[in-house]
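Residue strings, one per chain:
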Amino acid sequence: MAFELSLPARGTTVRTSPGTTVPDGAALLVPVASGEDGIEVPVTALAPSGLLEALVAVGAKGAAGEVTRLLIDGSLVIAFGLGDASGIDDEAVRRAAGAAARALNNVEHAAVSTEFGAGPVVQGLLLGGYVYAGLKSTADVRDEDSDAETPQTTKITVIGADEAEHDAAVIVAESVNLARDLVNTPANYLYPESYAGVMREVAQTAGLDIEVLDETQLEQQGFGGILSVGRGSTRPPRLVHLTWAPAGASTKVALVGKGITFDTGGISLKPASGMEDMISDMGGSAAQLAVIAAAARLELPVRVDAWLPLAENMPSGAATRPGDVITHYGGITSEVINTDAEGRLVLADAIARACEDAPSYLIETATLTGAQLVALGKRTAGVMGSDEFRDFVAESGRNVGEQAWAMPLLEEQEEELTSPIADIRNTHNARTGGMLFAGLYLSRFVPEDIEWAHIDVAGPAWNGGSPHGYTPKRATGAPVRTIVEALTRLAEKQ
């Protein structure tokens, strides 16, 4: 059940299905590894006789990311490298399968076996085979690193896969690709009103309840943070509430995700260079939409409520000014020092509203601070919040290959959070600890009795470089798999 959206869509280059036999004429996808004495071919059902000798003859090493195409006895064999034979784990398999998916040009059918696990193989293939088609004037989807046309979708038979494991892996991968689609969509197509419309489509497909608050309702109910950020745009903000409520669920989880559909910085205008990438500033909301859809499709026995604030941060005569004081949902006042620190303003409103329903846990994610990249780089998310639950969420990310690191909330920043004219202020004057200050700001809106985690994915949600492993250029879909893993583990605990 792929998501069909009224938006520019991706080019899907891989589809998988479980099977027991290799289709006639199918290419054989075979994992190989790098051992102490050279390339190794692990024991796999599809490795043909003579493969090792052929690989040695062409100088293949079995290194991570290496893909070698060979013709053996009339069959196309695509050997994909797992890297060090002594360190093969699920993430190595996912990355290797992702690299293989990008090498399937002109391959109509293929087969792969599951000695290393159906889940990692299927996820790697579907995630690595993602290409965003966008709005090119031709109908062709083109490879991201060349001018070669991407062929028709490659159909891959996954030999020996348990159907339930295969289908669960497909659901997670499709959900990640949904988030990628949304983040990749230009802001003139995806703005608060149209984005809320897309969420209705997803809700209908996945079987979710949905409520959309428009600017009038936001004003009536006191969502001052969302309104403050959105007031500079001619496209008014929205707050979307989605619900997955299975019968008998005893655990309640609230999800919150930042949905800034384009971020100019507002009056505190960003530099022009690279501003086009600010279509990605709604990555947190895209991830949480994908997560709740995955929870419904996987039939996870936990209640999930997603609160997704959507706004466009623009400069205009109506825009919020530095020095203005706003009143958040629930009554906390905030002095706006920098209008480019807008994500925490919309998130605070959504968090305060989500906590009114007394969830057991709250997970929030956002492309929130450039300081996250300074502290942890482009691929590792920073996780803050309640100590135990923060560590649980970070560990969940590492379990599925989305790197995440637990970070503290600093006592010494408490004084920096205070304002002379409001309860708090949205930025501090220091150049240090910006990611942690943002987390501290959000902590003011979470009651002490709710376990919560904030995931800053400013770097991990967007890949400005070349594809690697199963990660494409541009939108990555992080941290969808982290949060789905956390929900799955919470469901097992109840």
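It should be emphasised that the depicted structure is a prediction, and the values quoted were computed from it without experimental measurement.

Cut-offs and rules
Residues numbered from 1 in each chain as written. Predicted model: local features only at pLDDT ≥ 70, side-chain atom pairs only at ≥ 80, totals over all residues. Heavy atoms only, no water. UniProt positions renumbered as here; feature names shortened; annotations may be inferred. Buried < 20%, exposed > 50% of the residue type's maximum accessible area, 1.4 Å probe, protein only. Helix = DSSP H or I, 4+ residues; strand = E, 2+ residues; numbered from the N terminus. Polar contact = N/O pair within 3.5 Å; in protein donor to acceptor, adjacent residues only side chain to side chain. Contact = heavy atoms within 4.5 Å.

Caption draft 1: Seen up close, the UniProt feature "binding site: Mn(2+) 1" (unreviewed entry) in the chain. UniProt records the feature "binding site: Mn(2+) 1" (unreviewed entry) at Asp263, Asp340 and Glu342, using the numbering of this structure. For the annotated residues, spread through 80 residues, the largest C-alpha to C-alpha distance comes to 8.7 Å, consistent with a single compact locus. Take Asp340: its relative accessible area is 26%, and that puts it in the partly exposed class. For Glu342, the location among the structural elements is in the loop between strand 16 (333-335) and helix 9 (343-355).

Caption draft 2: Examining the side chain of Asn426 more closely. Looking at the element boundaries, Asn426 is found in the loop between strand 20 (424-425) and helix 13 (434-443). Taking relative accessible area as the criterion, Asn426 reaches 0% and is therefore assigned buried. From its side chain, Asn426 meets the backbone oxygen of Ala341 in a polar contact 3.1 Å long. Apart from residues lying up to four places away in sequence, Asn426 is in contact with Ser334, Glu335, Val336, Ile337, Asn338, Ala341, Arg344, Leu345, Phe437 and Tyr441.

Caption draft 3: Up close: the UniProt feature "binding site: Mn(2+) 2" (unreviewed entry) in the chain. Here the UniProt-annotated "binding site: Mn(2+) 2" (unreviewed entry) positions come out as Lys258, Asp263, Asp281 and Glu342. Spanning 85 residues, the named residues nonetheless gather at one spot, since no C-alpha pair among them exceeds 11.5 Å. Mapped onto the elements, Lys258 comes out in the loop between strand 12 (252-257) and strand 13 (259-263). In this structure, Asp263 sits in strand 13. A residue is classified by how much of its surface remains accessible, and Asp263, at 2% relative accessible area, is buried. The contact partners of Asp263, leaving out residues within four places of it in the chain, are Lys270, Met275, Met278, Asp281, Asn313, Asp340 and Glu342. In this structure the side chain of Asp263 is engaged in a polar contact, spanning 2.8 Å, whose partner is the backbone nitrogen of Gly265.

Caption draft 4: Summary view of helix 3 (residues 118-128). Counting buried positions along helix 3 gives 11 out of 11 residues, so the element sits mostly inside the fold. The complete set of buried residues in helix 3 reads Ala118, Gly119, Pro120, Val121, Val122, Gln123, Gly124, Leu125, Leu126, Leu127 and Gly128.

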